[in-house]
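Secondary and tertiary structure notes
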Amino acid sequence: MTGWVVEFEGDDVVSPALVIMASGSSILSVDGSFLFIFLLIICLIFVLNRTLFRPITKILEERERLGLGRSIEAQRMLKQSDERARNYESQIRAARSAAYQQLEARRRELKSQRQQLLTQARREAEAQIAAARQEIADQSTSARTTLERDAHGMAASISFQLLRRPVAPGGIDAS
């Protein structure tokens with residue numbers, strides 16, 4: 001039998017099993033070649049499993065484990081670096097705060113010293129001014145006294161030259 005044709009009349013549905021039975025031969029017939037191929041496939045699966053699939057599976061699992069381990073290690077290292085960065089930043093803030101406090105203390109100290117120096121300089125200046133005023137007053141008094149004496153002496157000299165006689169210090173004629 002080289003081929004077979006199934007004719008359908010109407011809308012009858014025919015199952016494939018009916019078609020196979022109608023053909024007269026069975027696909028499920030077991031002969032030596034089928035059994036040989038089946039055993040060969042089982043042996044091939046066993047050999048491929050031992051030589052190819054298990055090593056590849058182990059390699060993939062190892063790669064996954066290493067990748068996951070490296071990922072976990074990388075995450076741990078990132079957390080450590082973040083923690084170190086936070087510690088570093090907090091130390092920098094503390095150091096800046098301490099530096100600003102020291103700077104402010106030094107500024108207050110220098111301002112106090114400056115104020116003391118200004119007060120001392122004012123006192124010294126006031127003392128020098130008072131001493132200069134006193135000296136000027138003394139010189140003024142001395143100059144007045146000298147001027148009065150010189151003026152009286154000149155007046156007496158001028159009067160003597162004009163009047164040709166001595167004049168008394170009070171302006172009264174001595175003759």
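Residues numbered from 1 in each chain as written. Predicted model: local features only at pLDDT ≥ 70, side-chain atom pairs only at ≥ 80, totals over all residues. Heavy atoms only, no water.

1. So, the overall build of the chain
In terms of regular secondary structure, the chain is built from two helices and zero strands. Expressed as a percentage of the 175 residues in the chain, the buried residues total 1%. (Helix = DSSP H or I, 4+ residues; strand = E, 2+ residues; numbered from the N terminus. Buried < 20%, exposed > 50% of the residue type's maximum accessible area, 1.4 Å probe, protein only.)

2. Observations concerning the pattern of salt bridges
In the structure shown here, the tally under the stated rule is six salt bridges. When the shortest N-O distance is used, the salt bridge between Glu73 and Arg76 registers 2.1 Å. Taken as a pair, Glu73 and Arg76 lie in helix α2 (residues 32–163) at a separation of three residues, close to a single helical turn. One salt bridge connects Glu104 with Arg108, and the closest N-O pair in it is separated by 4.0 Å. A residue pair is termed a helical-turn pair when its members lie 3 or 4 positions apart in one helix, as Glu104 and Arg108 do in helix α2 at four residues. By relative accessible area, Glu104 is classed as partly exposed at 30%. Overall, the relative accessible area of 48% leaves Arg108 in the partly exposed class. Here the salt bridges share partners, and the residues they tie into one network are Glu104, Arg107 and Arg108. (Salt bridge = Lys/Arg side-chain N within 4 Å of Asp/Glu carboxyl O.)

3. Focus on the confidence of the model for the chain
Taken residue by residue, the chain gives an average pLDDT of 81. The fraction at 70 or more is 78%. In this model residues 1–6 is a low-confidence stretch, pLDDT under 50, and it forms four contacts with partners more than four residues away in sequence or in other chains. (pLDDT = per-residue confidence, 0-100. Contact = heavy atoms within 4.5 Å.)

4. Regarding a nonpolar patch on the surface
Taken together, the side chains of Phe34, Leu35, Phe36, Ile37, Phe38, Leu39, Leu40, Ile41, Ile42 and Ile45 present a nonpolar region at the surface, about 1000 Å² in accessible area. Tracing the chain through its elements places Leu39 in helix α2. (Patch = residues over 30% accessible without salt bridge, like charges linked within 9 Å, V, L, I, M, F, W, Y side chains within 5 Å. Areas by Shrake-Rupley, 256 points an atom, 1.4 Å probe, with all protein chains shown as cover.)

5. Considering α2
Between its first and last C-alpha, α2 extends 184 Å over 132 residues, near the 196 Å set by a 1.5 Å rise per residue. Most pronounced at Asn49, the bend in α2 amounts to some 50°. Once α2 ends, the next one or two residues include Arg164, with phi positive near 60°. (Expected span 1.5 Å × (residues − 1). Bend = angle between axes of the 7 residues up to and from the residue.)

6. With respect to the environment of Thr57
Structurally, Thr57 is set in helix α2. Look at Thr57 and you get partly exposed, because its relative accessible area is 38%. Of the polar contacts made by the side chain of Thr57, one reaches the backbone oxygen of Phe53; its length is 2.6 Å. (Polar contact = N/O pair within 3.5 Å; in protein donor to acceptor, adjacent residues only side chain to side chain.)

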